[in-house]
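# Coordinate analysis (summary)
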Amino acid sequence: MIDAPLHLTLEPGLRVMIGRDGHPPLIDAADVRVMRCTLDWQGSGRRGARAILSLGAVADMVRMPDRSATSLTLTFVGEGPFQGILAEAGDGDFYMGDALAALATTAAAPAIQGAARDMYRRAKCQELLCEILEAAERGELVPHTPSASLSRAEMERLMTARRLIADRFDEKLTLDQIARTAGLNRTKLTQGFREVFGQSVADCLAEQRLSRAARDLTSSDRPVAVVGYDAGYLNNASFARAFTRRYGLCPSDYRRAGGQLALNAA
C-alpha cells in the first residue's frame, strides 16, 4: 500500500516526495535540484511497467514524460550541499532499469508495518538515491529518448560501446570491433552515437585520448611523444595536430602553461 502523497525528510536539506499522480510537487526555489523516479504501471502488476528517471532542476520536471493516474513517483529534492551533490549527476531522462525500479517500489510501498514503517521507507529512499548517484557517476544510466529508431536494448548497447571506449581508448579500437563487442551493427552504432551523444565514434575516442593526454602533460614530466603514445597516438605529429585543434595550444606549450591558457581557449 502506498501512503501517498507523502513528504519525508531524509537529511537536513534533502527530502523525498512520494505520489501516484505523476505531477511535480510544489517547490519554492526554481533552482533546487531534483531526481524524479516515475513508474508507469500501465495496468496491474509489474509486467509492462515503464520506469523512467529524470535528473534536473525543478523547472524541468514539468516535462516529465509520465503523468498518468497509474504513475508512482518519487521526487528527491536537494538544497544547500545536497543541491550540488544532485547537480553532479547531470540532467536528462533515463531508463531506471529493473533493479532501481524494484527499489523505488519498495521505498514507496514497504511491506513492513507498524512504527518502523517510515524509518524503513527513509532507509530505502536513501539507498535508492545512493544507487542512482553511483550509477550516474559510473555512466551506467541509459538515456531515455523519444527516438523511434532506437529500442531500449539498442540504447543499452550504445552505452556498452561508450564504456568500452572510456575503458580502452588507448588501444587501437576499430569501428567493427566496437560494434561487435557492443552487439550492434555499424550503422546503428554510428547513427546512434550522433543521435544520442551528439558526436561520432571517432570524436568520442579522440575526446577520451586527448583528455588523458592533457592530464598527463600537467601531472608528469614524461616526454610529449610518450604521453601521446600512451593516449593511443602512434606518432607525435598526429598527436600534436589533434591536441592543438582541441586545446588551442600544442602539447609542449600546454605543459608550460599548466593547462590554464588552454582551458580558456577551449
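We now turn to the structure provided with this report.

About the cut-offs
- Residues numbered from 1 in each chain as written.
- Predicted model: local features only at pLDDT ≥ 70, side-chain atom pairs only at ≥ 80, totals over all residues.
- Heavy atoms only, no water.
- Buried < 20%, exposed > 50% of the residue type's maximum accessible area, 1.4 Å probe, protein only.
- Helix = DSSP H or I, 4+ residues; strand = E, 2+ residues; numbered from the N terminus.
- Pairing = 2+ DSSP bridges.
- Expected span 1.5 Å × (residues − 1).
- Arc of directions from axis to C-beta.
- Polar contact = N/O pair within 3.5 Å; in protein donor to acceptor, adjacent residues only side chain to side chain.
- Contact = heavy atoms within 4.5 Å.
- Axes fitted to C-alpha atoms, helices over the stretch in contact; angles between N-to-C directions.

Here we come to the pairing of strand E6 (residues 92-95). Residues Gly 92 and Phe 94 line one face of E6 and the alternating positions Asp 93 and Tyr 95 line the opposite face, and both faces are buried. When strand E4 (residues 50-57) meets E6, the two strands line up antiparallel, connected through four bridges. When the bridges of E6 are listed, Ser 54 appears paired with Asp 93. As paired strands, E6 and strand E7 (residues 142-143) are joined by two bridges and run antiparallel to one another. Bridge assignment links Phe 94 to a residue of E7, and that residue is Pro 143.

Our next topic: helix H9 (residues 236-247). A rise of 1.5 Å per residue sets the reference length of H9, with its 12 residues, at 16 Å; its end C-alpha atoms lie 16 Å apart and thus fit the reference within 8%. All buried positions along H9 are accounted for by Ser 238, Phe 239, Ala 242, Phe 243 and Tyr 247. Each buried residue of H9 sits inside an arc of 135° when the element is viewed along its axis, so together they form one side. Two to three positions downstream of the cap, the backbone nitrogen of Ala 237 sits 3.2 Å from a side-chain oxygen, assigning the N-cap of H9 to Asn 235. Looking at the residues trailing H9, positive phi occurs at Gly 248, about 80°.

Working definition: the strands of a sheet are paired by backbone hydrogen bonds and lie parallel or antiparallel to each other. The strand order across the open sheet built from seven strands is E1-E2-E5-E3-E4-E6-E7, with neighbouring strands paired in antiparallel fashion. Of all the strands in the sheet, just strand E1 (6-11) and E7 have a single pairing partner and so form its edges. Across the sheet, helix H2 (residues 97-108) is in contact with strand E2 (14-19), strand E3 (33-40), E4, strand E5 (71-78) and E6; its angle to E5 comes to roughly 85°.

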